[in-house]
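Each chain is listed here by its residues.
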Amino acid sequence: MKAVNIGVIGVGHLGQHHARILNEIEGANLVGISDVNEEAGKAQADKYGVKYYKDFRELANHVEAVTVVVPTFLHHDVAKYFLENNIHTFIEKPITKTLQDANDLVAIAGEKQLTLQVGHVERFNAAIVKLQSLIENPRFIECQRMCKFSNRIQDVGVVLDMMIHDIDIVLSLVKSPIKHIDAVGLPVLTANEDIANAHIVFENGCIANLTASRISEEMVRKLRIFELDKYCSLDYAEQTITMAHKSSEEQKIVCEALDVQKAEPLRKELEHFINCIQEKKKPLVTIEDGKNALEVALEILTKCKESSVKA
């Protein structure tokens, strides 16, 4: 198929990896890079032999698709510009800061029949892909996502920055509406919450407990899922799964490390975006998925604020 001419908007910590991968993968033709930081933008553009654009709008006449890797508060305006100009758009998570902005993008993409994908990269983690086929009826889910402090993200707190990954995964695993949410979050080193915990109860009885922290001493990316007859432990970073179940012969637990074909999740995600454009098919992570994860994240933030007021 014809290669898709694509540009990257924002080449900071994550955007530079978008540029690297899009320069390498089959089906993508990286033609331009835009970043408000002229030095960083030009450096990445020169690295891949493409043109640098200070103003992202100048890319519109040269691309069929873009990936938007800018601070969250800019997602709506940047993505809207490209969608209105009939350009397929990939937006890093969270989709936007408000549901109103998310609905606006949903309407434009639907009207123009464009591919609009949200960057919930953990859906493309090889361990999660494997897990999706193993889980039948989760009863209790525990998520831990922690890292050391970094000044990299300033415009949102840990819920929209980190926990939203696990929110999306939990929503994809539990096929039931949410009944109730309790949450607590605290700002420690920034103006936004740096550590948060959410307790989600689903109408089918499943309970999910999510913890996210960006002020921890170690990096943890783990997911544990309990069903009536088995238990799965997943490590996102290592892309490993351990399955435990009751032995049929004796009253004991048998543990098994499952075979997972490891791969770079971001590469798989961007390959999928290109493939969806070429084959005109629906992305694995739809704009509705991104909106649903945002809605739950915003409810968690509301509960965090309510708990801090009560305290």
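Residues numbered from 1 in each chain as written. Predicted model: local features only at pLDDT ≥ 70, side-chain atom pairs only at ≥ 80, totals over all residues. Heavy atoms only, no water.

Asker: Looking at this model, I keep getting lost on the overall build of the chain. Mind explaining?
Answerer: From N to C terminus, the chain includes 8 helices and 14 strands. Scaling as 2.2 N^0.38, a compact globule of 311 residues should have a C-alpha radius of gyration of about 19 Å, and the chain matches this with 20 Å. Projected onto the principal axes, the alpha-carbon positions of the chain cover approximately 65 × 50 × 40 Å. Going through the 311 residues of the chain one by one, you find that 51% of them count as buried. A separation threshold of at least 6 residues defines the contact pool for the chain, and within that pool the share at least 24 residues apart is 66%. (Helix = DSSP H or I, 4+ residues; strand = E, 2+ residues; numbered from the N terminus. Rg over C-alpha atoms; globule rule 2.2 N^0.38 Å. Buried < 20%, exposed > 50% of the residue type's maximum accessible area, 1.4 Å probe, protein only. Contact = heavy atoms within 4.5 Å.)

Asker: Would you explain unusual backbone geometry in this entry?
Answerer: For residues other than glycine, phi is negative in most cases, and the peptide bonds are mostly trans. Look at the link from Lys 93 to Pro 94: it is a cis peptide, with omega at -15 degrees. Structurally, Pro 94 is set in the loop between strand 5 (88-92) and helix 4 (99-112). In this structure, Asn 86 takes a positive phi of about 60 degrees despite not being glycine. Within the fold, Asn 86 resides in the loop between helix 3 (75-84) and strand 5.

Asker: Looking at this structure, how should I read the packing of helix 1 (residues 15-24) against helix 7 (residues 265-279)?
Answerer: Helix-helix packing is characterised by the crossing angle of the two axes and by the distance between the axes. Interhelical geometry of helix 1 versus helix 7 gives an angle of 60 degrees and a closest axis separation of 10 Å. Viewed along their axes, helix 1 and helix 7 adopt a mutual orientation that is oblique. Between helix 1 and helix 7 lies a crossing of right-handed hand. Counted together, His 17, His 18, Arg 20, Ile 21, Leu 22 and Glu 24 of helix 1 and Leu 266, Arg 267 and Leu 270 of helix 7 form the full contact between these two elements. (Axes fitted to C-alpha atoms, helices over the stretch in contact; angles between N-to-C directions. Parallel < 35°, antiparallel > 145°, perpendicular 65-115°, else oblique. Left-handed = near helix turned anticlockwise from the far one by under 90°.)

Asker: How should I be thinking about the sheet that holds strand 2 (residues 28-34) in this particular structure?
Answerer: Spatial ordering of the open sheet is given by 3-2-1-4-5-6, a layout of 6 strands whose pairing is parallel. In this open sheet, the two edge strands, each paired with only one partner strand, are strand 3 (51-53) and strand 6 (116-119). The average angle at which neighbouring strand axes cross in this sheet is 25 degrees, direction not considered. As judged from the 4 bridges shared by strand 4 (residues 65-68) and strand 5, these two strands associate in the parallel manner. Pairing of Val 66 across the sheet is with Thr 89, part of strand 5. Sitting on the sheet, helix 3 is in contact with strand 1 (4-9), strand 4, strand 5 and strand 6, with an inclination near 170 degrees to strand 5. (Pairing = 2+ DSSP bridges.)

Asker: Please clarify how the packing of aromatic side chains should be interpreted in this entry.
Answerer: Two descriptors summarise a pair of aromatic rings, namely the distance from one centre to the other and the angle between the planes of the rings. Enumeration over the complete set of coordinates arrives at 6 aromatic pairs. Between the aromatic rings of Phe 56 and Tyr 81, the centroid separation amounts to 5.8 Å while the plane-to-plane angle is 80 degrees, which identifies the pairing as edge-to-face. Remark: Tyr 81 occurs in helix 3 and Phe 56 occurs in the loop between strand 3 and strand 4; sequence separation between them is 25 residues. Counting every residue linked through ring pairs, the aromatic cluster contains Phe 56, Tyr 81 and Phe 82. The ring of Tyr 236 has Arg 145 sitting right over it, with the charged end atom 4.7 Å from the ring centre. (Phe/Tyr/Trp six-rings, centres within 6.5 Å; stacked < 30°, edge-to-face > 60°. Lys NZ or Arg CZ within 6 Å of the ring centre and 35° of its normal.)

Asker: I would appreciate a short explanation of the sheet that holds strand 10 (residues 207-213) in the present structure.
Answerer: In a beta sheet, neighbouring strands pair by backbone hydrogen bonds and run either parallel or antiparallel. Spatial ordering of the open sheet is given by 8-9-10-7-11-12-13-14, a layout of 8 strands whose pairing is mixed. At either margin of the open sheet sits one strand with a lone partner, and together these are strand 8 (178-186) and strand 14 (253-257). Averaged over all pairs of adjacent strands, the angle between their axes in this sheet comes to 10 degrees, without regard to strand direction. Two strands pair when backbone bridges link them, and strand 8 and strand 9 (residues 195-202) are joined in this way by 8 bridges, in the antiparallel orientation. Bridging from a neighbouring strand, Val 184 pairs with Asn 197 of strand 9. Contacts between helix 6 (residues 158-173) and the sheet are confined to strand 7 (140-146), strand 8, strand 9, strand 10 and strand 11 (220-226), with strand 10 contributing the most and set at about 155 degrees to the helix.

Asker: Help me understand the environment of Leu 294, please; the structure alone is not making it clear to me.
Answerer: Examined against the element boundaries, Leu 294 turns out to sit in helix 8 (residues 287-310). On a C-alpha basis, the gap between Leu 294 and Glu 217 in space is 27 Å, while along the polypeptide they are 77 residues apart. Discounting residues that sit within four places of it in the chain, Leu 294 has contacts with Pro 94, Ile 95, Thr 96, Lys 97, Thr 98, Leu 99, Ala 102, Leu 160 and Ile 164.

Asker: Help me out: how do you make sense of the side chain of Ser 34 in this one?
Answerer: Secondary-structure assignment places Ser 34 in strand 2. Looking at Ser 34, its side chain comes within polar contact range of the main-chain nitrogen of Phe 56, at 3.3 Å. Not counting chain neighbours up to four residues away, the residues in contact with Ser 34 comprise Val 8, Ile 9, Gly 10, Val 11, Tyr 53, Lys 54, Asp 55, Phe 56 and Leu 59. (Polar contact = N/O pair within 3.5 Å; in protein donor to acceptor, adjacent residues only side chain to side chain.)

Asker: I would appreciate a short explanation of the nonpolar core in the present structure.
Answerer: Proteins that are soluble and globular tend to have nonpolar side chains buried together. In this structure, Leu 131, Ile 141, Met 163, Leu 223 and Ile 300 are the most contacted members of the largest nonpolar core, which totals 61 residues. When residues of this core are assigned to their parent elements, the largest contribution, 10 residues, is made by helix 6. Excluding residues within four positions of it along the chain, Ile 300 makes contact with Val 159, Met 163, Ile 167, Ile 181, Ala 183, Ala 198 and Ile 200. Membership of the second largest hydrophobic core comes to 24 residues, among which are Ala 28, Ile 33, Tyr 48 and Leu 266. (Core = buried A, V, L, I, M, F, W, Y, C linked by side-chain atoms within 4.5 Å.)

Asker: Help me understand helix 6 in this model?
Answerer: Helical geometry note: an α-helix holds 3.6 residues per turn, so side chains three or four residues apart project in the same direction. Under the 1.5 Å per step criterion, the end-to-end length of helix 6 is 22 Å for 16 residues, consistent within 8% with the ideal 22 Å. The sharpest bend along helix 6 reaches about 50 degrees and sits at Ile 164. Among the 16 residues of helix 6, 15 are classified as buried, and the element is accordingly described as predominantly covered. (Expected span 1.5 Å × (residues − 1). Bend = angle between axes of the 7 residues up to and from the residue.)

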